[in-house]
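# What the coordinates show
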Amino acid sequence: QVQLVESGGGLVQAGGSLRLSCAASVRTFSSYSMGWFRQAPGKEREFVAAITRSGGTTYYADSVKGRFTISRDNAKNTVSLQMNSLKAEDTAVYYCAADLVGISTVTRTWDYWGQGTQVTVSS
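These notes cover the structure that comes with them.

Rules used throughout
- Residues numbered from 1 in each chain as written.
- Predicted model: local features only at pLDDT ≥ 70, side-chain atom pairs only at ≥ 80, totals over all residues.
- Heavy atoms only, no water.
- Salt bridge = Lys/Arg side-chain N within 4 Å of Asp/Glu carboxyl O.
- Buried < 20%, exposed > 50% of the residue type's maximum accessible area, 1.4 Å probe, protein only.
- Core = buried A, V, L, I, M, F, W, Y, C linked by side-chain atoms within 4.5 Å.
- Helix = DSSP H or I, 4+ residues; strand = E, 2+ residues; numbered from the N terminus.
- Pairing = 2+ DSSP bridges.
- Phe/Tyr/Trp six-rings, centres within 6.5 Å; stacked < 30°, edge-to-face > 60°.
- Contact = heavy atoms within 4.5 Å.

## Some thoughts on the pattern of salt bridges
Side chains that differ in charge, positive against negative, can pair when their charged atoms come close. All told, the structure shown has four salt bridges when counted by the stated rule. Here glutamate 46 and arginine 38 are joined by a salt bridge, their closest N and O atoms 2.7 Å apart. When its relative accessible area of 36% is taken as the criterion, glutamate 46 is described as partly exposed. For arginine 38, a relative accessible area of 6% corresponds to the buried category. Here aspartate 62 makes a salt bridge to lysine 65, at a shortest N to O gap of 3.2 Å. Note on lysine 65: relative accessible area 49%, which makes it partly exposed. One connected set of salt bridges, linked through shared partners, spans Arg38, Glu46, Arg67 and Asp90.

## Quick look at the nonpolar core
If you look at the biggest cluster of nonpolar residues, it comprises 35 residues, and the most contacted ones within it are Met34, Trp36, Leu81, Met83 and Tyr94. Elements supplying a minimum of two residues to this core: β3 (18-25), β4 (33-39), β5 (46-51), β7 (68-73), β8 (78-83), β9 (92-99) and β11 (117-122).

## Points about the pairing of β5
Counting buried positions along β5 gives five out of six residues, so the element sits mostly inside the fold. Bridge count between β4 and β5: five bridges; the pairing is antiparallel. In the strand pairing of β5, glycine 35 is matched with alanine 50. What sits between β4 and β5 in their antiparallel hairpin is a turn of six residues, with glycine 42 showing a positive phi close to 80 degrees. Pairing between β5 and strand β6 (residues 58-60): three bridges, direction antiparallel. Residue alanine 50 lies in a different strand from β6, and its bridge partner there is tyrosine 59.

## What about the packing of aromatic side chains?
Evaluated as defined, the whole model comprises five aromatic pairs. With centroids separated by 6.2 Å and ring planes inclined at 70 degrees, the aromatic side chains of tyrosine 32 and tyrosine 112 adopt a geometry described as edge-to-face. Within this pair, whereas tyrosine 32 is found in the loop between β3 and β4, its partner tyrosine 112 is found in strand β10 (residues 112-113), the two being separated by 80 residues in sequence. Accessibility expressed as a relative area gives 7% for tyrosine 32, which makes it buried. Taking 5.5 Å as the distance between ring centres and 75 degrees as the angle between the ring planes, the aromatic pair formed by phenylalanine 37 and tryptophan 110 counts as edge-to-face. With phenylalanine 37 in strand β4 and tryptophan 110 in the loop between β9 and β10, this pair connects stretches of sequence that are 73 residues apart. For phenylalanine 37, a relative accessible area of 0% corresponds to the buried category. On the accessibility criterion, tryptophan 110 (4% relative accessible area) is buried. One aromatic cluster is present, built from ring pairs that chain together Phe37, Phe47, Tyr95, Trp110 and Trp113.

## Side note on the environment of valine 48
Here valine 48 shows up in strand β5. Valine 48 gets classed as buried once you look at its relative accessible area, which sits at 0%. Sequence spacing of valine 48 and serine 63 is 15 residues, and the spatial spacing of their C-alpha atoms is 8.1 Å. Other than its neighbours up to four places away in sequence, valine 48 contacts Trp36, Phe37, Arg38, Tyr59, Tyr60, Ala61, Val64, Phe68, Leu81 and Tyr94.

See the structure below:
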């Protein structure tokens, strides 16, 4: 069982930055691919970014490419999402996810989820 706890959300003006963190309580953190998803009001949860077990490869949704950066620290069991040049359309609840099999942009394929952290970008 993997428990994921997100932090770092909040209210920021458009053009600003936030850094989200996700702490995982699992002994074999480096065995899991990690990802970030988000869900805006009235919309389905969508893929934002993901990172491989070693951290050597990252993936991004087109909507955040060049603005967001995902990283992980396997020694600290954490994954982070640095969000720059934030836009009003980035407003959503952001979720951390973990998967043993691999990386997918499809929500239902991920094994474990955190409770989410709210990010609100004011225009």
